[in-house]
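An overview of the molecular structure
The residues making up each chain are set out below.
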Amino acid sequence: AQSVTQPDIHITVSEGASLELRCNYSYGATPYLFWYVQSPGQGLQLLLKYFSGDTLVQGIKGFEAEFKRSQSSFNLRKPSVHWSDAAEYFCAVGVVSGFQKLVFGTGTRLLVSP
Amino acid sequence: DTAVSQTPKYLVTQMGNDKSIKCEQNLGHDTMYWYKQDSKKFLKIMFSYNNKELIINETVPNRFSPKSPDKAHLNLHINSLELGDSAVYFCASSQTQGMTEAFFGQGTRLTVV
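Residues numbered from 1 in each chain as written. Chains lettered and ligands numbered in written order. Predicted model: local features only at pLDDT ≥ 70, side-chain atom pairs only at ≥ 80, totals over all residues. Heavy atoms only, no water.

Some points on the interface of chain B and chain A
Buried accessible area, meaning the area lost when the parts come together, often serves as the stated size of an interface. Across the contact, 24 residues belong to chain B and 24 residues belong to chain A. Around 1,900 Å² of area is buried between chain B and chain A when both sides are counted, 58% of it from carbon and sulfur atoms. Considering only the side of chain B, the residues that lose the most area to chain A are B:Lys41, B:Met99 and B:Glu101, jointly responsible for 33% of the buried surface there. The tally of links from chain B across to chain A stands at two salt bridges. In this structure, the salt-bridge partner of B:Glu58 is A:Lys101, at a minimum N-O distance of 3.1 Å. Remark: the boundary between chain B and chain A carries seven residue pairs in polar contact (both at pLDDT 80 or more). Broken down by secondary-structure element, the contributors of at least two residues to the side of chain B that touches chain A are strand S4 (31-37), strand S5 (43-50), strand S6 (53-57) and strand S9 (87-94) of chain B. The leading source of residues in the side of chain B that touches chain A is S4(B), at three residues. Here the residues of the side of chain B that touches chain A sort into 11 nonpolar, eight polar and five charged. (Contact = heavy atoms within 4.5 Å. Buried area = accessible area lost by both parts, 1.4 Å probe. Salt bridge = Lys/Arg side-chain N within 4 Å of Asp/Glu carboxyl O. Polar contact = N/O pair within 3.5 Å; in protein donor to acceptor, adjacent residues only side chain to side chain. Helix = DSSP H or I, 4+ residues; strand = E, 2+ residues; numbered from the N terminus. Nonpolar A, V, L, I, M, F, W, Y, C, P; charged D, E, K, R; others polar.)

Put into structure tokens, the structure is as follows:
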């Protein structure tokens, strides 16, 4: 069965410091991978996605993620965090089997300290 | 010009009541979804509709009945609400061909008291 693991429930980063959020997936076929962000009281906004090709993908708000097939990982990174980045981050794998759906990880809450 | 819009944003109701959540998308997508986010923030798909036809029902109780009058709308009706139904419900839409990203609404926070 497909699954996504985000091992860090909470992460605190100082403003201006770099960030890496971890994501590991389990999926038998070629994965379609996504990172979404949920700000407090808001919906889910797509940060970036990986379907194929270059394993380093660029997203919005200065985020990037690297797909590593050998490690079944799709970690999210940002070189310099801003206070407005404080939010919940969800990694997801897209499953296509006659239909499509997203299987989400449990999320990582990012706190940004001054 | 919100892409995926849900109403209401907040819904507080008593156990046993019946309530509906509405969702509309103006992206021209063929597929719409309902996802449930529980109190631990875990997101899980409930239903998926493609061109008004149900294609995914992830073992959701019969008290939950989605209805899609056209491919731009997917409403969720819940009968006999229970305390455990309290959650945030997200509507989403996507294109049908292959895997594409899903666009989410702002969510409806349902509280059953």
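And the narrative resumes.
A few points about the sheet that holds strand S3 (residues 19-25) of chain B
All names here are of chain B. The strand order across the open sheet built from four strands is S1-S3-S8-S7, with neighbouring strands paired in antiparallel fashion. Two strands in the sheet have a free side with no partner beyond their single neighbour: strand S1 (4-7) and strand S7 (64-70). On average, each strand axis in the sheet is inclined to that of its neighbour by 20°, with strand direction left out of account. Examined bridge by bridge, S1 and S3 share four bridges and lie antiparallel to one another. Looking at S3, one finds that Ser5 is bridged to Glu24. (Pairing = 2+ DSSP bridges. Axes fitted to C-alpha atoms, helices over the stretch in contact; angles between N-to-C directions.)

With respect to the environment of A:Ser26
Residues and elements named next belong to chain A. Summarising the element assignment, Ser26 is placed in strand S4 (residues 24-26). A relative accessible area of 34% means that Ser26 is categorised as partly exposed. In the structure, Ser26 is positioned 67 residues away from Val93 in sequence and 8.6 Å away in space, judged by C-alpha atoms. (Buried < 20%, exposed > 50% of the residue type's maximum accessible area, 1.4 Å probe, protein only.)

This is a description of form; function is not addressed.
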